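# Working through the structure, step by step
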Amino acid sequence: MTNDELNLRRKQAVANGVAQIHPFYVDRAKNATIWDVEGREFIDFSGGIAVLNTGHVHPDVKQAVIAQLERFSHTCFMVLGYEPYIEVCEKVNALVPGAFDKKTALFNSGSEAVENAVKVARAYTQRAGVIAFTSAYHGRTLAALALTGKVSPYSEGMGLMPGGVYRADFPCSLHGVSEDDAIASIERIFKNDAAPNDIAAIIIEPVQGEGGFYIASSAFMQRLRTLCDREGILLIADEVQTGAGRTGTFFAMEQMGVCADICTFAKSIAGGFPLSGITGRAEVMDSIQPGGLGGTYGGSPIACAAALAVMEIFKQEKLLERSYAIGDIMKQSLREIQAVTPQIADIRGLGAMVAVELMEDGIPKPDYCRQILIEARERGLILLACGTYGNVLRLLVPLTATDEQIAQGMAILRMSFEAILP
């Protein structure tokens, strides 16, 4: 079967709304390498959109899943419980920052985690409003989509999203939004749109994902924490993309100097198996009565087994330290490219969550991003773009990739820039 043949079958069978960035089909993968159905080899700097911090088919994850599958695959935790679910909750409770008692609930996807975090916040505060930020991405399901700060393509043509969501400005000096501006935008919401006692939560990504990898500073997060405490509002940290070690700490909030009341996680927590969850202050999490949280597949025993293996791999292979090292290697290489490429307006990253923003004369250049993605793919490197304007290249290589493979990937990226922006 060829890529062209599979593309034809896809057009006939798969809904148009399901996008696909790269027009080839995977046959197998290992660590940071992918082979397509025609035998071509690629270095993976996308990691399934930050899902594969421990690489494709890590042997320890594979063995944990096989061992669990030999025992049982599903009971629904709400019907018959099992230890792996409890153990994941115990371990995540210990990893999420905050010197207070915590509890966790498990689900399947990042969107589910976000929606359930909002449910908990509403139940605890007895308020309905939520403040989210410009360029935020919180998921594609309906309530999560209302929080997502980008219309096209996520909600275009679907009509207005559910109400009760208010949009504050995310601080980004590159695009002219200071931290003072961002705080003022929240105060403006309080004055013009919704009283503080109508707001249940403020939800923020410590590092924006789809929005462009913009980093919220510790100072800004501390100001946000102070504001939430002043008004009795819960702070939700959406760590779906930043969590599970991508930024150099298991959760990015560890680097922010404050603690959230609720934290969401998903993506890399289970090494490629669908698992998400929310962790929060015990009294907050217990505000919903039994039956108000859950789902048929939430906290699948197979996904829980994978997650337990992932957390052990992080300790055994020192992947948090590795995240910082990879980030340093990539940023240094990118600075060398930037020295001869004036279209690179910014290089940023926390740990191995690294991005390059392309602009010309102060104008975002998404065309350059698209061309470089194609050029790099032709040379054997898989990349992703992001950002409100689609002008940001993001690098999400597995933390288990070797130095040699990272160097090879960065060399391909350099050649791609030279070919597109000579």
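Residues numbered from 1 in each chain as written. Predicted model: local features only at pLDDT ≥ 70, side-chain atom pairs only at ≥ 80, totals over all residues. Heavy atoms only, no water.

## Details of the overall build of the protein chain
The condition is simple: A helix here means a DSSP run of H or I that spans at least four residues, while a strand means a run of E at least two residues long, and both kinds are numbered starting from the N terminus. Our radius of gyration is a C-alpha quantity, and the globule rule it is checked against amounts to 2.2 Å times the number of residues to the power 0.38. Note on exposure labels: buried denotes an accessible area under 20% of the residue type's maximum, exposed denotes more than 50%, and partly exposed covers the range between, all computed with a 1.4 Å probe on protein chains only. Only the protein chains shown count as covering a residue, and every accessible area follows the Shrake-Rupley method with a 1.4 Å probe. For the charge count, each Lys or Arg is scored as positive and each Asp or Glu as negative, with His and the chain ends excluded. All charge positions are set by atom: Lys at NZ, Arg at CZ, Asp at CG, Glu at CD.
The secondary structure content of the protein chain amounts to 13 helices and 16 strands. Computed over its C-alpha atoms, the radius of gyration of the protein chain comes to 21 Å, within 12% of the 22 Å expected for a compact globule of 422 residues. Taken over the C-alpha atoms alone, the protein chain extends approximately 60 × 55 × 45 Å along its principal axes. Across the 422 residues that make up the protein chain, the buried fraction comes to 55%. With the model as given, the accessible surface of the protein chain reaches about 18000 Å², and the carbon-plus-sulfur share is 52%. Across the protein chain, the mean location of the 37 positive side-chain charges is 2 Å away from that of the 48 negative side-chain charges.

## What about the sheet that holds strand E4 (residues 102-107)?
What holds strands together in a sheet is hydrogen bonding between their backbones, with the strands either parallel or antiparallel. Applied cut-off: Pairing between strands is defined by DSSP: at least two bridges between them are needed. What counts as an axis is a line fitted to C-alpha atoms, over the stretch in contact for a helix, and the angles between N-to-C directions run from 0 to 180 degrees. Residue contacts are counted whenever heavy atoms from the two residues lie within 4.5 Å of one another.
Taken together, the seven strands give an open sheet; going across it, the order is E4-E10-E9-E8-E7-E5-E6, and neighbouring strands pair in mixed fashion. Taken across any chain shown, the strands that pair with only one partner, and hence form the sheet edges, are E4 and strand E6 (165-168). On average, each strand axis in the sheet is tilted by 20° relative to the strand beside it, whichever way the strands run. Where strand E7 (residues 199-204) and strand E8 (residues 234-238) come together, four bridges link them in parallel fashion. Across the sheet, the residue bridging to Ala201 is Leu234, located in E8. Taken strand by strand, helix H8 (residues 218-231) contacts strand E5 (129-133), E7 and E8, and its axis lies near 170° from that of E7.

## Notes on the environment of Leu350
Tracing the sequence through the fold places Leu350 in strand E11 (residues 344-350). Overall, Leu350 belongs to the buried group, its relative accessible area being 16%. For the pair Leu350 and Pro206, spaced 144 residues apart in sequence, the C-alpha separation works out to 10.0 Å. The contact partners of Leu350, leaving out residues within four places of it in the chain, are Val207, Ile215, Arg246, Thr247, Gln255 and Met256.

## Details of the pattern of salt bridges
Stated precisely, the cut-off is as follows: Should a side-chain nitrogen of Lys or Arg be within 4 Å of a carboxyl oxygen of Asp or Glu, the pair is scored as a salt bridge.
With the rule as written, the count across this model stands at 17 salt bridges. Here Arg394 makes a salt bridge to Glu210, at a shortest N to O gap of 2.9 Å. Linking Arg394 in strand E16 (residues 392-395) with Glu210 in the loop between E7 and H8, this pair joins segments that are 184 residues apart in sequence. Accessibility expressed as a relative area gives 16% for Glu210, which makes it buried. Between Asp367 and Arg370 there is a salt bridge, with the nearest N and O atoms lying 2.0 Å from each other. Residue Asp367 and its partner Arg370 are both found in helix H12 (residues 366-378); the two are separated by three residues, about one turn of the helix. Classification of Arg370 as partly exposed rests on a relative accessible area of 48%. Connected through salt bridges with shared partners, the residues Arg225, Asp229, Asp261 and Arg281 form a single ionic network.

## Some details on the nonpolar core
Put simply, the rule reads: Among buried residues, the Ala, Val, Leu, Ile, Met, Phe, Trp, Tyr and Cys ones that are joined through side-chain atoms within 4.5 Å form a nonpolar core.
Core analysis: the largest hydrophobic core is formed by 85 residues, its most contacted members being Leu413 and Phe417. For this core, the element with the highest residue contribution is helix H10 (residues 301-316), accounting for 11 residues. In contact with Phe417, other than residues within four places in its own chain, are Ile337, Thr341, Ile344, Val356, Leu358, Ile372, Leu393 and Pro422.

## A short note on the packing of aromatic side chains
Heads up, the condition is: Only centres within 6.5 Å qualify two rings of Phe, Tyr or Trp (six-membered ring in Trp) as a pair; their planes then separate them into stacked at under 30 degrees, edge-to-face at over 60, and tilted for everything else. In this scheme, the term charge over a ring applies when either NZ of a lysine or CZ of an arginine sits within 6 Å of the ring centre and within 35 degrees of the ring normal.
The tally for this structure, following the rule as stated, stands at 11 aromatic pairs. Measuring from ring centre to ring centre gives 3.7 Å for Phe77 and Tyr85, while their planes differ by 5°; the resulting arrangement is stacked. According to the relative accessible area criterion, Tyr85 is buried, its value standing at 10%. When the ring of Phe250 is compared with that of Phe251, the centres are 5.4 Å apart and the planes differ by 70°; the resulting orientation is edge-to-face. Residues Phe250 and Phe251 agree in their burial class; the two are buried. Three or more aromatic residues joined by ring pairs form one cluster here, namely Phe72, Phe77, Tyr82 and Tyr85. One Lys or Arg, Arg28, reaches over the ring of Trp35 and ends 4.0 Å from the middle of that ring. Positioned above the aromatic ring of Tyr368 is the side chain of Lys365, whose terminal nitrogen or guanidinium carbon lies 5.4 Å from the ring centre.

## Comments concerning the pairing of E8
Most of E8 sits inside the fold, with five of its five residues counted as buried. Of the two faces of E8, the one lined by Leu234, Ile236 and Asp238 and the one lined by Leu235 and Ala237 are each fully buried. In this structure, E8 lies alongside strand E9 (residues 262-265), joined through three bridges in parallel fashion. Of the residues in E9, the one forming a bridge with Ile236 is Ile262.

## Some points on H8
We count it as follows: Given a helix with a known number of residues, its expected span is that number minus one, times 1.5 Å. The reported arc concerns the directions from the helix axis to the C-beta atoms and nothing else.
Taking 1.5 Å of rise per residue, 14 residues should cover 20 Å, and H8 covers 20 Å from first to last C-alpha, within 8% of that figure. Residues Phe220, Met221, Leu224, Arg225, Leu227 and Cys228 constitute the buried set of H8. Projected down its long axis, H8 shows its buried positions confined to an angular sector of 165°, all on one face. Of the exposed residues in H8, those oriented more than 90 degrees away from the buried face are Thr226 and Asp229.

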